[in-house]
Amino acid sequence: MKNALFELSWRVVNGQMKVESAINVLEDLCENVKELPVAIADVFSILDIELSVLEDTNQRDKFISLVSGCEKFVASSLLKERLDLETLESLGLLASKSQFNQKYVKTKTKLYYKQKKFNLLREESEGYAKLIAELNQEITEKITVDQSVENLKSLIGCFDLDPNRVLDVLLESFECRPHLENFYVPLFKEYVTERRTLCHILGFKFRFFQDEETPTSLYKVAALLLQHNLIDLETLYPHLLPADAKIKEYHQKEADEAKAYVRKLSVVNLAEKSEEVKEPEVVKIDLYVTNQKLGLCEALLSLGVWDRAKEILDKLPEFFGTVHKPIATGLCAMVHCMMDTLYKNNAGLPKKILKGKLSGDKNLLRNIREVDSYRSLHSEVFPVMRYIGPYTSCDPVLLVKIIRLGKCFMTKRQSGGITPEDDVAYYGFLNMLDEVLLPSMSLLPGNCCLSEELWSFLKLFPYELRYRLYGNWKNDYSQHPKLVRIRADCLERARYLMKRISKENVKQSGRQLGKLSHSNPGVLFEYVLSQIQTHDNFIGPVVDSLKYLTSLSYDMLAYCIIDALANPDKSRMKYDDTNISKWLQSLANFAGCICRKYQVDLAGLMQFVANQLKAGKSFDLLLLREVVTKMAGIEISEEITDDQLNAMSGGELLRQEGGYFAQVRNTKKSSTRLKDSLLEHDLALALCILMSQQRDGVIYEESAESHLKLVGKLYDQCQDTLVQFGSFLSMQLSTEEFVKRLPTIDTLITAYHVPADAAFFLCRPQYTYAINSKFDELRKTDKNNKQSGSQLKQQRYIEAADEVMQPVVELIRPIYSPRVWEDLSATFFVTFWSMSMYDLAVPTTVYDKQIQQLTSQITAIEDNEDLPQSKKKKEKERCSSLIAKLKDEMKKQGDHCSRVMARLKAQRDSWFISRSTKNETITQFLQLCVFPRCCFTASDAVYCAKFIHILHDLKTPNFSTLICCDRIFCDITYTVTNCTENEAHRYGRFLCASLDTIMKWHSSKEIYDKECAAYPGFVTVFRKGTDSVNIADQLDYENYRHVCHKWHFRITKAMVACLESGNYIQIRNALIVLTKILPNYPKIQQFGQALERRVDRLRQDEKGKRPDIYALAMMYSGQLKGKKSIWVQETMFHHKEMKGSQKKQGGSSSKQDSKANGETKSSKENGEVKESSKEKKSEKKEKSEGKSKSEKKDEDKKDPGTKKSSKDKSKDKEKSKEEKSHKEDKSSTHKEKAIKREVEEDGERGQNKENKRSKEEAADKVEVKIRVKEEAQEWTERDVRDIREGHDFSHGDFKVKEEKLEKIKIKRTHSPSEVKDRDHKDHRLERASSIGSQESRGSWRSPEGSTKLHEDRDTKRRKVESASASGSKDRDHSETRERPRKSPSNERERERKDRKRTSLDYADDRCEGEVKRRRSAEPQHSHSSSRINGDSDKHSKREQSRDRLDGHAKEEAAEDGPHKSKSKEKSKNKDKTRDKSSSSKKSKK
């Protein structure tokens, strides 16, 4: 609107509109709009200013005429206010401009610069004297306020007194008698007309005391005036000193000084005290003493005027006012009054104690409104408490009142006695704990009673909220300068005490630490834990010294432990990233000791471990392991002794007495606390499942890129903690509680993805309890039957077990593929996994040992004269009761084991279904049962070996003990490599227990005949069908010894491979396994020496490189040397091959045997070969024929070599070149033949549908076969391997030869010392084998007697040649004569393939035969190489003494290659002609 008016006026001034028309428009508008004249006056003032600048007189005249025309509806007063003096003079509103200016200056001077004269006190005192007398008279009921006001007015008028001075005197009078506020306040209300005047006069009074202390009476007067709204705080506040800027500066300076104080304490000054320069002391001004704002606030609080005091506190920095103790005390007194009634009704104390009235100022009591509900407490009292904050420590009584109110509230809330309106106070109490109660404890000088009272309130909250409060308490010291100093002092005191703590002064140091912990537990424990993480030797003294803590301090300690464990800045691995950090181990150990010795809430620690497992982190399982170890006494250690391991297979009492390093009975209370905490928060089963899942997650998720050593340690830690925790639950939880919380086995495996071994480990107690409960129910029905003997009990037990386990079998069956149950029955699988060592055998020796120890304790107690009789009696009764309990427990376990054995006997026929070969059955058994469980725990390792023994003793159908043991011992390289460190310990225990049984049978023929000879587990030929002629062959004792030798050899081969692999895991696991099986291996001197040398070399190589491997090698080397005395020679361990005379007899009768062999028939049923005793004999004779034939050919080739031995050196060089080329040709031909042999083997496997694997997988899938050859042929290296794969234990001599061949290979591959002389030794040995026999096993003769030796060997050689020539001719005739008689086509096909394989392997056979004969020609003590038996010096001397023989051997070897190749080609051609003739005859027929 003003813009329109301005536009209108501007048009008039510019001549665009007539003045009259504009005046008419404005006049019409003014009639309708009442505020328009003011707007017109404003527009005119703007135009007046603009036109005064311009020099155009015409425009100004038009403006004057416009304004004069508007005077009718615009008041002249408005124009006088807005327009300039010249304009007013032109309009005639002013008579003269100059006169107006003079009058204006005079008036301004009078108002601002001229002082009005009053009658002051020094000038005339009568009026003021009367005034003072009037105000200070005694105030009675007769004197009224109105009368006093009239007297004041009369005095002012009579004596012409200054009203302001009268007001000042009135304030002075009120200040002297503030208790008469009921008189003075109404008086002020009647006398004072303007509040600002009273404010300024009161402010001038405050200003008067700016350099000295202000009297409290003045503060009280101001507070009373503020209370009754006689003055405004906003007006009075600027008069108060000091200024706000100065207060903020002082507050910041305090904070900086506190930080500087902390830095000064943390700096270590290495200078001497004399050199320290003292800083000049600066006089500090305490701003709290002279602060008028704080004084006024204190006066307001004393009156209960919280609103006005709150306004002042809000203007100051946070907690600046409450640091001043009078203000904090005033606030606390006000809070006391506000909640007095509520406290009396809800304190939980007797009413007689709370009868007394609250003492305090009457004004305060009169002005404060008391609260009567928790809701009003939350809305009115708690805001006041938040202003006090940690400085509520000045009033411990108020703290106790709030704590008791909160405790009563939480109790009612838990019982449902709090209304929804009052429930809001729950969060108010949490704020009080966070902002008031806990910080106030830091400022208290160590009040343990208040600490216990606070804990009684805090423990009603869940640990999650408590730990949040503790975290804020520990970390929020920086908000208050005073708390910063308190923290620094506490930390300095903690350093002082920790430097001096030791085992000798635990009591004194503990008391000092207790005092510190009452006030600042977070600061103290943070430093103590940092010292423990660095120095683990502090753990013992610190744990003992913490016995003076309060319950709140213990709970705070648990939080500090978790806070230290969760520190993200600390690495949980050492610098090498292969070991867990020392600080984590120390902290876990300390936590376990604290939890065991003191009443610490365990829920937070257990939940922390569970949360870490959920996040896929298993490092903190070390905490759970230590807590369970310390609190329950259950230790998981691979260094457990054999007696402890046997005790673990006994009853619960025996396990407690002899199964652990610590005494479990001393941990009863602590283990109960742990159990209750786990059950309260439902963490028992959750932790088990999480650990079971994390065990495999360690490998694939958590540490996929970590070092294998670390991965193995984490896996072992997870596994051991799971076993430890499961053992604790089985011991502490009642079976009913455990069963309620445990899901079914299929749910664990499928839904929770728990591995089968862990799932059965958790469910095993449940099945045992269910079977025993069902057994007791069935027995109750038989109580009326008096004839209920042991057989009936066993029958009932079998029925109970079947009824309980059958549903489990049905749950397990769908989990695995149907292919599994074709080899094993689900019943057997569940039976194996649901039983333990307690069910199989009674450890009577351990029971007897414990009983004997207790008996000796009774004797020692009786002999001890220092003990009082009462204690003697008590200890004797304890020992006697333990003896009785142990005997009863042993008897119960014996009855239980007998019932279990009856159950196993009843079920054995259905265990192995035999739908496939027995090799497949054994494979499934080992893969699904033995190997997973033998690495689970040490007790399970012994259990697996014991269970295999029981399967053997029970004569379980379709179970071969030999095949099972052969699978276990034949190739353990991969199994050992795949183990972690602890699994290697357990696998070693399993092998040791299995070897114990094996060596027991090996020890004597009587034991073998009694326990093995007639058992089906030692059948070497397995047949199918109902043919009565098919009789199973039992393995005799001597062949069993050969097999044991083979197993020892295989173990040696595997261990040597691992030790020489250079891989850390293989070497470590091999040394662990070797240490565990040391009682039963090595037994043979040859193997022991081989291992000893490799371990010694490993020890030298690893010294200073890998200390853990070096320590293991040192330990095993020392133990191995202690076992040397029990080593035996190989000939004492088993008998070797047949004598040479027996072989010759076999060669002379080869013709008849070949005919008989041609007449026999062999057939295969389901991949298994039938064999008769006649075929065995024919094979032996054929073997002798082959040997004689090869001997003859060798002699023919060696004759020209002896003639050429006297030629010159030039020919010798040519021979050496030819020899090298011959070796290369020989190696290439061997490779080609090996490839051809593998191709034909694959064809044979495909035709027979047997699907055998390669040699590396032969230990996993192999069928029991004994290959029978229809025609005479030599035993080749392949035949030996086939026998090994077929487990032909009836041919011990072939096994020995096979083992010797393997030994030679090991010697050649693992003997670097022989590499240089390999060619020389090979030719020498070939020469020795051609001139020697098996009968010449004496010592080596001297070179002088070599001439006679040559003559004897030549005569023997000629005899052998003639015999072999005749035998080979007869064999060829018999083969051609017998070939047309074999009519079945499949037999012909098989015969042709056998002949092809024989012809391809002919050259290898001859080489193998030469090596074997060479081995037989050497003396017994030189069978092994210098690398094996350590006789390198003696061996080199023998080589020098046999130079002549070596020279002949080299020359003969040079001529040997062409003859061998020609013979091989001839044999191939013969086989081809035979095959063609046989096929043509078949077509003619």
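Remember, predicted model here, so these are calculated numbers, not experimental data. (Residues numbered from 1 in each chain as written. Predicted model: local features only at pLDDT ≥ 70, side-chain atom pairs only at ≥ 80, totals over all residues. Heavy atoms only, no water.)

Enquirer: What should I look at first to understand the overall build of the chain in this one?
Expert: Across its full length, the chain holds 71 helices and two strands. Put simply, 78% of the contacts in the chain that link residues at least 6 apart link residues at least 24 apart. (Helix = DSSP H or I, 4+ residues; strand = E, 2+ residues; numbered from the N terminus. Contact = heavy atoms within 4.5 Å.)

Enquirer: Looking at this model, I keep getting lost on helix α49 (residues 938-953). Mind explaining?
Expert: Given 3.6 residues to a turn, an α-helix orients residues that are three or four positions apart in the same direction. In a regular helix each residue adds 1.5 Å, so 16 residues correspond to 22 Å; α49 covers 23 Å between its end C-alpha atoms and thus fits that length. Among the 16 residues that make up α49, 12 are buried, leaving the element largely enclosed by the rest of the structure. When α49 is considered as a whole, its buried residues turn out to be Ala 938, Asp 940, Ala 941, Tyr 943, Cys 944, Ala 945, Phe 947, Ile 948, His 949, Ile 950, Leu 951 and His 952. Note on α49: the residue one or two positions beyond its end, Lys 955, has a positive phi of about 55 degrees. (Expected span 1.5 Å × (residues − 1). Buried < 20%, exposed > 50% of the residue type's maximum accessible area, 1.4 Å probe, protein only.)

Enquirer: It is not clear to me how the packing of aromatic side chains should be interpreted in this structure. Could you clarify?
Expert: Each pair of aromatic rings is reported with the distance of its centres and the angle of its planes. Counted according to the given criterion, the structure contains 54 aromatic pairs. Aromatic side chains Phe 775 and Tyr 797 sit 5.7 Å apart centroid to centroid with 75 degrees between the ring planes, which places their arrangement in the edge-to-face category. Placement of the pair is Phe 775 in helix α42 (residues 756-781) and Tyr 797 in helix α43 (residues 790-812), with a sequence separation of 22 residues. The buried category is assigned to Phe 775, whose relative accessible area is 4%. Accessibility expressed as a relative area gives 3% for Tyr 797, which makes it buried. (Phe/Tyr/Trp six-rings, centres within 6.5 Å; stacked < 30°, edge-to-face > 60°.)

Enquirer: Help me understand the nonpolar core in this model?
Expert: Across soluble globular proteins, nonpolar side chains have a tendency to be buried as a group. Counting 325 residues, the largest nonpolar core has Phe 188, Leu 296, Phe 590, Leu 687, Phe 925 and Phe 990 as the members making the most contacts within it. Examining the composition of this core, we find that 12 residues originate from one element, helix α54 (residues 1037-1059), more than from any other. Within the second largest apolar cluster, 31 residues are counted, among which are Ala 22, Cys 30, Leu 36 and Leu 78. (Core = buried A, V, L, I, M, F, W, Y, C linked by side-chain atoms within 4.5 Å.)

Enquirer: In this structure, what is going on with the packing of helix α10 (residues 163-176) against helix α11 (residues 181-191)? I would like to understand it.
Expert: It is at 11 Å that the axes of α10 and α11 come closest, and there the two elements cross at 165 degrees. Classified by the angle between their axes, α10 and α11 sit roughly antiparallel to one another. Considering only the axes of α10 and α11, their crossing is left-handed. Counted together, Pro 163, Val 166, Leu 167, Leu 170, Leu 171, Ser 173 and Phe 174 of α10 and Glu 181, Tyr 184, Val 185, Leu 187, Phe 188 and Tyr 191 of α11 form the full contact between these two elements. (Axes fitted to C-alpha atoms, helices over the stretch in contact; angles between N-to-C directions. Parallel < 35°, antiparallel > 145°, perpendicular 65-115°, else oblique. Left-handed = near helix turned anticlockwise from the far one by under 90°.)

Enquirer: When you look at the pattern of salt bridges in this model, what are you seeing that I'm missing?
Expert: Close approach of charged atoms allows side chains of opposite charge to pair. Counting across every chain of the model gives 53 salt bridges. When the shortest N-O distance is used, the salt bridge between Lys 474 and Glu 526 registers 3.9 Å. Placement of Lys 474 in helix α26 (residues 463-475) and of Glu 526 in helix α29 (residues 521-534) is noted, with a sequence separation of 52 residues between them. Under the relative-accessibility criterion, Glu 526 is labelled partly exposed at 37%. (Salt bridge = Lys/Arg side-chain N within 4 Å of Asp/Glu carboxyl O.)

Enquirer: Would you explain the confidence of the model for the chain in this entry?
Expert: Fine structural detail should not be taken from predicted coordinates in areas where pLDDT scores are low. Per-residue pLDDT for the chain has a mean of 75; in total, 71% of the residues score no lower than 70. Segment residues 1220-1350: pLDDT under 50, and 299 contacts once partners within four positions in sequence are set aside and those in other chains are kept. A low-confidence stretch, residues 1396-1485 (pLDDT under 50), is modelled with 177 contacts involving residues beyond four sequence positions or located in other chains. (pLDDT = per-residue confidence, 0-100.)

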